[in-house]
Amino acid sequence: MECVFGLVGEGFAVVAADTSAVHSILVHKSNEDKIMVLDSHKLIAASGEPGDRVQFTEYIQKNVALYQFRNGIPLTTAAAANFTRGELATALRKNPYSVNILLAGYDKETGPALYYIDYIATLHKVDKGAFGYGSYFSLSTMDRHYHSRMSVEEAIDLVDKCIVEIRSRLVVAPPNFVIKIVDKDGAREYAWRETVKDSIASSA
Amino acid sequence: MSIFEYNGSALIAMVGKNCFAIASDRRLGVQLQTIATDFQRIYKIHDRLFLGLSGLATDAQTLYQRLVFRHKLYQLREERVMKPETFASMVSALLYEKRFGPYFCQPVIAGLGDEDKPFICTMDSIGAKELAKDFVVTGTASESLYGACEAMFKPDMEAEELFETISQALLSSVDRDCLSGWGGHVYVVTPTEVKERILKGRMD
C-alpha cells in the first residue's frame, strides 16, 4: 500500500511519500524515509520492493555523485532520469528491479521537472505523477485542482488534500507521510504529516 | 491482459500522391490507469523517414535509442541518410536478433524513397515485414483501424486530403478502444515540408 506522488509548481517540484515499512501484515516502522536526496538539486521518491528500492536508489545516487567528481559539473535532471531508465532497462531482462520512481529536480536553465519512471523502465516527463494504490486517489485529486505554475502554498495544500483522500479512502492507508521539495535553493525536507508517532518507549 | 496491451497505443501510416502521413494516439497508460496524455510514439529518423513504435512503451524507448544510434553511425560512415527500405530491413534484423526474447513492439515505418516515392511498412514483434501500397496500422485498436482505413482510403490523395482521411480514421478507431486515444499526433510529409499537427478528439 505504498503511496508516492508529486507535482511541479512555479519554480519548484514537490514529492510526497508514505513512511511505512511493511512486511506482510506487520508494520516494521512508520518513519521510513523513501525520498532520497540524489544531489543538491534532485530528489528521488521510490516505491516498491524494499531491498531493491534502497539498493537501486543508492546505486543511482553514487553514480550521479561519481559523474560530478569526474566531470566537475552535476548532471541535469533529464540526464539523471535517462541514466536511471537505462539502468532499469538493462536489468529488465536479466535481473529486474521492482522499483517505481518519481525523480524531481531543478536545473537553472530549464527550471523544475518531474520524471515518471516505472519498474519496467518506462520514462515520461510529467507535471503530476503517482504510484501505488494511493495513485487512484491522488491522481484524480491532482487532476481536479492542479494548474500550471502553482505557488508553494497552493501545491502543499493540494498535497494535503491528496493525503486526506488517501487516509480516508484507502483501506490500509499509511498513517504518516513525508513531503520534500526541490527549487533553486536546493532539495530539502519540507514537512512530515504524522498521525502515529514512532517511539522507542511505548506506553506499557 | 497481453503484454502488448499494457500501455495502449494506436498507429497508422498512409500513402498519398508523392507524400505520406503517419499518425498516433497520445495516451500512455498502465493497464486501466492513464498516466499521461502527451506521450510521443512517432520519432523522426531524418527529414524523410519517420518511425512509429506501438506496444510496450519501455521497449519502444529502448528500440528507438538503439535504432537512432545505428542510424547515426550509418550516417557518419556513409555520409548520407538511410533509405526507408534499408531502415526497414535494419529494424527487421534488430527485432529478429531477439527472436527468443523479443522486444514487445510493433513498428510502423514511413518514408520518402528515391524519386519521392512514399514507402510504408509495418512488422510484427519479431521482424516479419509487411509492405503495403495503401496503409498500415498497429496497436491495441488495430482491428478498428483496419476497418476505418479500408473504408476511408483512396489512392493518390494530396497532402491536405490525406491529413483529413488519416485523422478521421485514427479518431474514429481510438474512440472504440479504451486503451488508446486522448487526442492524436499527425505528421504529413511531402518532398518539401513536414507538417506536424495535434488532434483534439474525445478525451477519455
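About the criteria used
Residues numbered from 1 in each chain as written. Chains lettered and ligands numbered in written order. Predicted model: local features only at pLDDT ≥ 70, side-chain atom pairs only at ≥ 80, totals over all residues. Heavy atoms only, no water. Salt bridge = Lys/Arg side-chain N within 4 Å of Asp/Glu carboxyl O. Buried < 20%, exposed > 50% of the residue type's maximum accessible area, 1.4 Å probe, protein only. Axes fitted to C-alpha atoms, helices over the stretch in contact; angles between N-to-C directions. Helix = DSSP H or I, 4+ residues; strand = E, 2+ residues; numbered from the N terminus. Left-handed = near helix turned anticlockwise from the far one by under 90°. Contact = heavy atoms within 4.5 Å. Nonpolar A, V, L, I, M, F, W, Y, C, P; charged D, E, K, R; others polar. Buried area = accessible area lost by both parts, 1.4 Å probe. Polar contact = N/O pair within 3.5 Å; in protein donor to acceptor, adjacent residues only side chain to side chain.

An unreviewed UniProt entry annotates chain B as Proteasome subunit beta of Carya illinoinensis.

An unreviewed UniProt entry annotates chain A as Proteasome subunit beta originating from Carya illinoinensis.

Once that is clear, we can look at the pattern of salt bridges. Residue and element names in this part refer to chain A. Enumeration according to the criterion identifies 22 salt bridges over all chains in this entry. For the salt bridge of Glu-32 with Lys-29, the shortest nitrogen-to-oxygen distance reads 3.4 Å. Residue Glu-32 is classed as buried on the basis of its relative accessible area, which comes to 17%. Between Asp-185 and Lys-184 there is a salt bridge whose closest N-O contact spans 3.7 Å. Each member of the pair, Asp-185 as well as Lys-184, is classed as exposed.

This part is about the packing of helix H3 (residues 142-152) of chain B against helix H4 (residues 159-174) of chain B. All names here are of chain B. Contact geometry of H3 with H4 gives a least axis separation of 9 Å together with a crossing angle of 145 degrees. Classified by chirality, the crossing of H4 by H3 is right-handed. Facing H3, whose interface residues are Ser-144, Leu-145, Ala-148, Cys-149 and Met-152, H4 presents Thr-165, Gln-168, Ala-169, Leu-170, Ser-172 and Ser-173. Tallied by class, residues from the contact of H3 with H4 come to six nonpolar, five polar and no charged.

Our focus in this paragraph is the interface of chain A and chain B. Counting from both sides, the interface comprises 16 residues of chain A and, opposite them, 21 residues of chain B. When the two sides are added together, the surface that chain A and chain B hide from each other amounts to roughly 1,400 Å², 47% of it contributed by carbon and sulfur. On the chain A side of the interface with chain B, the three residues burying the most area are Arg85(A), Arg93(A) and His124(A), jointly 39% of the side's total. Seen at the junction of chain A and chain B, the total is one salt bridge. Here Arg93(A) and Asp59(B) are joined by a salt bridge, their closest N and O atoms 2.8 Å apart. The interface formed by chain A and chain B contains nine residue pairs in polar contact (both at pLDDT 80 or more). Breaking the side of chain A that touches chain B down by element, the ones donating at least two residues are helix H2 (77-92), strand E9 (123-126) and helix H3 (135-145) of chain A. By residue number, the principal contributor to the side of chain A that touches chain B is H2(A), which donates four residues. Partitioned by chemical class, the residues of the side of chain A that touches chain B number nine nonpolar, four polar and three charged.

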